[in-house]
Amino acid sequence: MSVAAALADIRARIALAAIAAGRNAKDITLVAVSKTHPEAMVAEAIAAGQMVFGENRVQEAERKFGGLLAANPGAKLHLIGGLQSNKAAAAVRLAHMIETLDRVRLADAIAQAAEAEGRCPVLLVQVNIGDESQKSGVATQAADGFIGAMRSRFGNALQGLMCIPPADADPTPYFRQLVRLADAHGLPVRSMGMSADFEAAIAAGATHVRVGSAIFGRRA
Ligand SMILES: *Cc1c(COP(=O)(O)O)cnc(C)c1O
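Residues numbered from 1 in each chain as written. Predicted model: local features only at pLDDT ≥ 70, side-chain atom pairs only at ≥ 80, totals over all residues. Heavy atoms only, no water.

Draft legend 1. The site of the ligand, seen in detail. Taken together, the neighbourhood of the ligand is formed by Val33, Lys35, Ile80, Met162, Ile164, Met194, Ser195, Arg210, Val211, Gly212, Ser213 and Arg219. A distance of 2.7 Å separates an oxygen atom of the ligand from a polar atom in the side chain of Lys35. In this structure, Arg219 approaches the ligand through a side-chain N or O atom, which is 2.8 Å from an oxygen atom. Protein contact buries 89% of the 390 Å² of open area that the ligand shows by itself. Taken together, the residues of the shell around the ligand sort by class into 6 nonpolar, 3 polar and 3 charged. (Near = heavy atom within 4 Å. Polar contact = N/O pair within 3.5 Å; in protein donor to acceptor, adjacent residues only side chain to side chain. Areas by Shrake-Rupley, 256 points an atom, 1.4 Å probe, with all protein chains shown as cover. Nonpolar A, V, L, I, M, F, W, Y, C, P; charged D, E, K, R; others polar.)

So this is what it looks like as structure tokens:
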């Protein structure tokens, strides 16, 4: 399937999932996750009207999106991978949104870079919603305190929460838990759901779904 056809299919599925949930599809942003796929495929997606993309590595994102973002002023890049503090400056320059704020050291680096650059991306706190040792994100027990601290530090730049539920479980309880946490903090953005589970995420209240392989094909 071409990228354009795959995008049309995913958009239709998002619309159906929104209707089924009694929601408006306009309130759900499709983040097309292009990691490992070439710039030419991103260009195809842009030509098909897709404007929001996700990448998980800063260097790959810089290489792939430097020219694309300059040439397409409406295009936006979300950084969705674990972010090292020493990459914060490049991330702040490049990203419309950083979805993976999960520790104070990274917050320090982002704040410093935002000051230097005179711009701050939209920020999401990543919550390790299944408290899995191999995943990044703030632990669920520490989430309330960390979100509150990031709210006071970044103000309205902090817009929401992101999670990746455990791979081998029903994701819905985890999605609901993230939504409760976002509600409790008055945060509007809930980034959750990937190729395998974005419809369940929409049913649970996702505002952003991050879909990669279902659009661009399998990753090597
Ligand atoms: C790769 C990735 C995705 C997309 O995963 P697919 O299963 O290919 O849709 C979404 N979110 C994050 C954080 C990712 O790293």
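Still to come is the rest of the account.
Draft legend 2. Molecular detail of the pattern of salt bridges. Summed over the entire model, instances satisfying the criterion amount to 8 salt bridges. The shortest N-O distance in the salt bridge between Glu117 and Arg93 comes to 3.1 Å. Taken together, the residues span a long stretch of sequence, with Glu117 in helix H5 (residues 104-117) and Arg93 in helix H4 (residues 88-94) at a distance of 24 residues. For Arg93, a relative accessible area of 47% corresponds to the partly exposed category. Across the pair Asp108 and Arg153 runs a salt bridge, and its minimum N-O distance is 2.6 Å. (Salt bridge = Lys/Arg side-chain N within 4 Å of Asp/Glu carboxyl O. Helix = DSSP H or I, 4+ residues; strand = E, 2+ residues; numbered from the N terminus. Buried < 20%, exposed > 50% of the residue type's maximum accessible area, 1.4 Å probe, protein only.)

Draft legend 3. Molecular detail of the packing of H5 against helix H6 (residues 140-154). Running from amino to carboxyl end, H5 crosses H6 at an angle of 10°, the nearest separation of the two axes being 12 Å. Considering the angle they form, H5 stands roughly parallel to H6. In the crossing of H5 with H6, the sense of the turn from one axis to the other is right-handed. Within the contact between the two elements, H5 uses Val104, Ala107, Asp108, Ile110 and Ala111 and H6 uses Phe146, Met150, Arg153 and Phe154. Within the contact of H5 with H6, the residues separate by chemical class into 7 nonpolar, no polar and 2 charged. (Axes fitted to C-alpha atoms, helices over the stretch in contact; angles between N-to-C directions. Parallel < 35°, antiparallel > 145°, perpendicular 65-115°, else oblique. Left-handed = near helix turned anticlockwise from the far one by under 90°. Contact = heavy atoms within 4.5 Å.)

Draft legend 4. Summary view of the environment of Ala157. On the secondary structure map, Ala157 appears in the loop between H6 and strand E7 (158-163). Overall, Ala157 belongs to the buried group, its relative accessible area being 18%. Distance in space between the C-alpha atoms of Ala157 and Cys120 is 7.0 Å, their sequence separation being 37 residues. If we skip the residues at most four places from it in the chain, Ala157 touches Cys120, Pro121, Val122 and Leu123.

Draft legend 5. Summary view of the nonpolar core. If you look at the biggest cluster of nonpolar residues, it comprises 66 residues, and the most contacted ones within it are Leu101 and Val125. With 6 residues, the single largest contributor to this core is helix H1 (residues 3-20). Residues within four places of Val125 in sequence aside, it is in contact with Glu99, Leu101, Val138, Phe146, Ile147, Met150, Leu158, Gly160, Leu161 and Met162. Residues Val33, Ile80, Met97 and Leu124 belong to the second largest nonpolar core, which totals 6 residues. (Core = buried A, V, L, I, M, F, W, Y, C linked by side-chain atoms within 4.5 Å.)

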